[in-house]
Structure formats: structure tokens, C-alpha cells
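# Understanding the architecture of this molecule
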Amino acid sequence: MVTLDYVALLIYFLGLIGVSLIVSRRIKSSSDMFIASGSSSWWLSGMSTYMTIFSASTFVIWGGVAYKSGLVAVLIANLVGVACFISGKWIAGRWRKIQIKSPGEFIKIRFGNRTLNFYSIVGMIGKGVHAGVALYAVSIIMSTIISLPQGSPFADAQGHLAVSWAVILLGAVTLIYTVAGGFLAVLMTDMIQFGVLMSVALFLVPLSIHAVGGVQNFINAAPAGYFVPASNNYPWFWLILWLGLNTFQMGGDWPYVQRYLSVPTAKDAKKSNYLVAVLYLLTPILWYFPAMAYHQLDPSANPEQAYVLMSQTVLMKGILGVMLAAMISATLSCVSGTLNVFANVFTYDIYGRRHPDINDRQKIKVGRLFTLVFGLTVLLVALVVPYMGGAEKVVVTILTMIIAPLYIPSVWALFSRRIQGRHAVIIMLITYAIGLSGKFTYAHLLNPQVFEATCGFLIPIVLLSVTELILRHKGVECEGYEKIQAITHASDIVMTPDMKKGVKSYSVLAVQCLVLTFAGIAILLFSLLLFDKGAAYMSDPFVVRTMLITAIAMTACTVAFYVWKIIDRRKSAQIRQKAE
């Protein structure tokens with residue numbers, strides 16, 4: 001990386017913090033802090049959900065799968081899109097019809113306080129460690145790319161940014177914007193992150209195609225079986241289990257439920273999921289193609305470094321910094337979403353249960369304090385990962401088996417009037433006992449991916465089905481189900497003019513964050529075209545043309561938005577004048 005790359009990265013960090021400070025002024029209530037007062041538009045919620053699914057593993061782990069196995073990595077991501085269609089059709093709207101402010105409130109009413117405590121403890125530990133490992137993973141990438149002057153106190157023995165300092169820097173940025181701006185900051189920074197991610201992806205793909213001599217040459221030179229949608233490590237049976245697991249996770253995992261609660265209506269919750277589904281059906285090829293193409297440039301490379309290596313091969317100075325920002329974005333979105341949703345649950349359903357008389361201002365303070373403490377804990381986990389002897393892969397595997405099935409009973413409870421809190425806890429404990437004992441005994445005899453997916457999906461589904469049949473036979477019904485029905489809207493909410501005004505306000509701010517991101521990248525590209533004419537890539541007409549088209553397209557988006565904004569303001573002024 002050169003100076004311009006560092007400048008691009010610095011501007012990105014300052015942009016995240018700046019946006020959080022701006023939106024913090026809009027936080028007037030705890031509802032603003034945690035669910036944007038239910039005024040997030042369906043597409044903004046969908047974009048935020050899309051970004052929350054990302055982490056460094058998207059490019060590192062799954063990019064490595066794409067490098068080695070080809071199309072199967074794309075299909076794995078596509079199945080997340082199919083899962084979003086299913087959860088959007090039957091699950092997301094149900095969450096929004098229930099009059100709750102957090103997913104924890106549903107667990108408390110439906111299952112009781114003890115079950116909420118179980119979910120909160122397991123969720124905080126599991127998600128916290130998962131976020132810490134993700135933060136560590138992206139810090140490794142940042143450390144690998146950033147070189148420092150010899151003797152710098154922030155450098156490691158090889159002259160790169162020390163991983164510990166990368167963790168502290170990224171953790172501090174995430175904490176600042178999440179604590180200051182709450183869920184509003186999460187939504188708005190997700191738009192910046194989406195803009196950076198898609199800009200790099202759209203830019204990197206044509207350059208990768210060019211680097212391998214075109215699409216036809218890529219297809220002809222691909223290894224045998226590269227375009228087969230399944231592999232030995234990821235067979236069809238695993239893909240089916242993966243679809244089922246993601247359907248329940250998209251339908252019940254707390255960061256996603258929080259986004260269903262943040263939109264005005266059940267119809268909007270469904271549409272937000274449909275948007276994620278479309279994006280996950282269309283965009284995975286953009287993320288994974290550079291790693292797949294790099295296989296032809298260097299078949300012996302480290303698979304998990306393939307995406308970064310292709311970026312270093314084809315990207316010009318400045319844009320490499322933007323690429324690093326995109327990879328960092330993916331993880332920060334995942335971490336910030338985790339921090340905010342558990343702050344929401346803690347404030348309303350744990351601290352609020354013991355202090356029912358606290359006012360809204362106090363709730364905001366409690367939420368921010370919890371975010372800070374939980375965030376520092378995540379940062380500490382990321383710092384100690386290197387001392388776990390490379391255990392991060394084992395940790396991620398165990399978390400997949402613990403966290404993924406945790407939300408299956410809560411989705412089940414949306415439809416079942418019989419399952420009770422103690423049943424959910426017992427089923428989870430049995431699932432964990434089978435999964436963890438098997439993981440350390442006979443799992444090595446089986447396909448590890450199939451074993452983990454079986455433990456995470458089939459076991460809880462079978463246990464829930466058997467329990468449901470037994471309770472049905474006994475005629476048992478859960479009082480919590482009736483309580484949920486009592487606070488569930490029979491029909492969808494009708495939006496008032498004030499609700500529409502709030503939604504429009506957040507939507508305009510979100511689009512402004514997006515187009516300003518585009519504008520910054522366009523300025524960088526135009527600057528390179530004008531002032532870096534001596535660079536080697538300037539002699540390649542295809543690269544120059546790609547840079548120019550990308551810069552013009554981003555500029556056009558920015559200009560179009562501000563033209564619309566001027567026209568909209570004039571129309572609004574005319575309407576006010578007529579009303580007066």
C-alpha cells in the first residue's frame with residue numbers, strides 16, 4: 001500500500017465516525033436508539049441486513065472455497081438468498097405484527113424470564129466470541145497489507161502493522177460509532193459500507209476477467225469440476241441442511257429480527273427480506289469471481305489470501321485502500337449489529353425488568369454503557385485469539401453448532417401454541433451435548449460440514465417435532481402463546497403521515513450516505529486518471545476505460561440524487577404554501 005491507500009482508509013474511518021456523530025443528534029428516545037423508532041424503510045432495513053451477514057470470512061474463508069472449488073461457493077451464498085425468500089414469505093412479517101421492542105421481549109413473554117436469561121447468556125457469549133474472532137480475522141488482513149517504517153512502535157517483527165494494534169483501531173472505530181449513534185448509526189454506516197463494498201466488487205470483477213484473458217479463457221482453463229454446484233466437502237445433503245439452517249437463522253437470529261422490528265409494517269419486513277434474497281441471488285458471483293480467477297494466475301497460492309492477492313495484482317494505488325475498507329466494512333457491520341441488538345435486549349428486558357421505572361433518557365444511557373462494556377469485551381476476545389493456539393477455527397465451528405440452532409425454537413414458537421420455555425432450553429442442551437461430544441470423539445470419521453449442519457439443524461428440528469407431537473397428544477398449550485397473540489395485530493399497520501415523514505427522512509439520509517461514498521470513490525478515480533499518467537496501468541486501454549466508466553457512473557448517481565433532492569424540496573414548499 002502507498003500513501004494514497006492510507007488516505008483512502010483514513011477518510012473511510014473518519015466518515016463512519018462523522019456519520020455516527022451526525023445521527024446521534026436524532027436520537028430522542030430509546031426507540032430511536034435501538035429500532036430507529038420503527039421508521040426504517042424496507043429497502044434500508046434490507047441493505048442493513050445484507051451487510052450484517054457479511055464478515056471477513058466472506059472474502060477469506062468462502063473466498064478460499066471459491067478459489068479451490070469454484071461454483072459451489074457461489075451456490076452456498078445463493079442458498080442464503082433462497083432462505084431469505086422463505087423467511088420473508090412466512091416469518092419476517094409475523095415478527096413485525098407483534099407489539100414488541102426487542103427480540104428478547106418476545107422470548108420473555110413467550111417462554112418466560114428464565115428462558116430469556118438462558119438465551120441472553122448463551123447468545124452474548126457465543127455472539128461475543130464470534131464477533132471477536134471476526135474482528136481478529138479482518139485485523140490479520142489489515143496487518144498483512146499495511147507496512148510501517150522500521151522501528152515504529154505499532155509494527156510487528158516483519159514491519160507490518162501489528163495485529164493487536166489493528167484490533168484496537170478497528171474495535172475503537174466500531175465502538176465510537178455504535179455507542180454514539182446506536183441503531184441509526186448502524187443503518188447509516190451500513191449504507192456507506194454497502195457503497196464501498198459494491199464499488200470495489202463491480203470494479204474488481206472486470207479487471208479480474210481482463211487479467212485472465214477474458215471469460216471464455218477463464219472457462220476453458222478452469223480445473224475439472226470447477227463449475228459443479230456441489231463438492232466432496234459440500235455435498236448436496238449438506239447444501240439442503242445449509243438451506244434449512246439459514247432459513248431459521250434469517251427468521252430468528254436477533255440482529256435480523258431487530259431489523260424486522262425497525263420497519264413500519266409487516267409488509268415492509270417481508271419486502272426487506274425479499275431484497276436481501278434478490279441481492280444474495282445476484283451478487284455472490286461478484287464477491288467470489290476474483291478469487292476464482294486468481295486460481296489461474298497462481299494455482300499454488302494460499303486459498304484464504306486469493307481475494308487479497310488478486311486485488312493487489314490488478315488494483316491501482318488508492319483503490320487498494322478502498323478494497324481494504326470494503327473488507328473491513330463487512331466485519332464492522334457484523335460486529336456493530338451484534339453490539340446494538342444485545343444492548344437493546346439488555347436495556348429493555350434485563351435491566352429494564354429490574355428497574356421498571358427508568359425513563360427514556362436513562363434507557364439510552366444504559367444502552368450506551370452496555371454497548372461500551374460489551375464492545376470492550378469483544379475487543380479483548382479478539383486480542384487473546386492469537387494466544388489460543390490457532391483455536392479460532394475450532395471456536396468458529398463450535399459457535400456454528402451453538403448459535404445457529406439457538407434461534408430455531410423461537411421461530412418454532414411463532415407458530416406453535418404448545419412449546420414452552422423449559423422445552424426450548426432442554427432441546428438446546430441436548431443438541432449441544434450431542435454436537436460437542438460428537439465433535440471431540442467421532443466427528444473426524446464423518447464429513448465435518450455435514451456433521452456440523454446435522455447437529456445444528458436436524459437434531460433440534462427432530463427434537464422439536466417429537467416434543468410437539470407429545471404435547472399435542474396430551475392437549476398441552478402454553479400460556480405464553482396466548483400472551484403473544486394478545487399483543488399481535490390481526491392485520492397490518494396502516495402508516496400515518498407522520499410515519500411516512502419519518503421513513504422518508506431516514507431514507508434520504510441513507511441515500512445521501514451512499515452517494516457521498518460514490519462521490520468520494522469517483523473523485524479518487526478521476527484524480528488517478530488526471531495525475532497518475534505515468535503509472536503502468538495507464539498504458540492498458542481496458543483498465544483506463546473501466547476506471548472512466550466507473551467514475552462517470554458514480555458521478556451520475558450523485559448528481560441524480562441531488563437534482564431529485566432539489567426538485568423534492570420545491571414540491572414540498574409548494575405543498576406547504578397551498579396548505580397555508
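Structure's up top.
As the structure is a computational prediction, the values presented were derived from the model and not from experiment. Going along each chain's sequence as written, the residues are numbered from 1 onward. Local features are withheld for residues below a pLDDT of 70 in this predicted model, meaning they are given only at 70 or higher, and side-chain atom pairs are given and counted only at 80 or more; totals for whole chains, interfaces and linings count all residues. Side-chain measures here rest on the full set of heavy atoms in the structure, leaving out hydrogens and waters.

## Thoughts on the packing of aromatic side chains
The criterion, for reference: When two rings of Phe, Tyr or Trp (its six-membered ring) have centres within 6.5 Å they constitute a pair, described as stacked for plane angles under 30 degrees, edge-to-face for angles over 60, and tilted for the intermediate range.
A complete count under the given rule lists 30 aromatic pairs for this structure. Taken together, the aromatic side chains of F118, Y119, W254, F342, F346, Y351, F370, F374 and Y407 make up a single cluster linked through ring pairs.

## Remarks on the pattern of salt bridges
Threshold: Put simply, a salt bridge is a Lys or Arg side-chain nitrogen that is within 4 Å of an Asp or Glu carboxyl oxygen. Helix and strand assignments come from DSSP, with helices taken as H or I runs of at least 4 residues and strands as E runs of at least 2, each series counted from the N terminus. Working definition: with a 1.4 Å probe on protein chains only, accessible area under 20% of the residue-type maximum means buried, over 50% means exposed, and in between means partly exposed.
Inspection of every chain in the model, using the stated rule, returns 9 salt bridges. A salt bridge links E477 to R417; the nearest nitrogen and oxygen atoms lie 3.9 Å apart. Of this pair, E477 sits in the loop between α22 (448–474) and α23 (479–486) while R417 sits in the loop between α20 (408–415) and α21 (421–439), placing them 60 residues apart in sequence. Under the relative-accessibility criterion, E477 is labelled partly exposed at 46%. A salt bridge links K483 to E479; its shortest N-O distance comes to 3.9 Å. With K483 and E479 both in helix α23, this residue pair falls 4 residues apart, about one helical turn. Note on E479: relative accessible area 59%, which makes it exposed. A single salt-bridge network, built from bridges that share partners, covers R417, E477 and E482.

## What about the packing of helix α10 (residues 163–211) against helix α25 (residues 541–579)?
Our working rule: In this analysis an axis means a line fitted to C-alpha atoms, helices contributing only their contacting stretch, and an angle means the value between N-to-C directions, from 0 to 180 degrees. In this scheme, roughly parallel covers angles under 35 degrees and roughly antiparallel covers those over 145, while 65 to 115 is roughly perpendicular and the rest are oblique. Crossing handedness follows the turn of the near helix against the far one: under a right angle anticlockwise gives a left-handed crossing, and clockwise gives a right-handed one. Contact criterion: two residues are considered in contact whenever any of their non-hydrogen atoms come within 4.5 Å of each other. Residue classes follow a fixed rule: Ala, Val, Leu, Ile, Met, Phe, Trp, Tyr, Cys and Pro count as nonpolar, while Asp, Glu, Lys and Arg count as charged, and any other residue, Gly among them, counts as polar.
Where α10 contacts α25, the two axes come as close as 10 Å, and the packing angle between them is 160°. When the axes of α10 and α25 are compared, the pair comes out roughly antiparallel. Here α10 and α25 pass one another in a crossing that is right-handed. Contact with α10, carried on its side by S199, F203, P206, L207 and H210, involves F542, V543, T546, M547, T550 and M554 of α25 and no other residues of that element. The residue makeup of the contact of α10 with α25, split by class, is 7 nonpolar, 4 polar and no charged.

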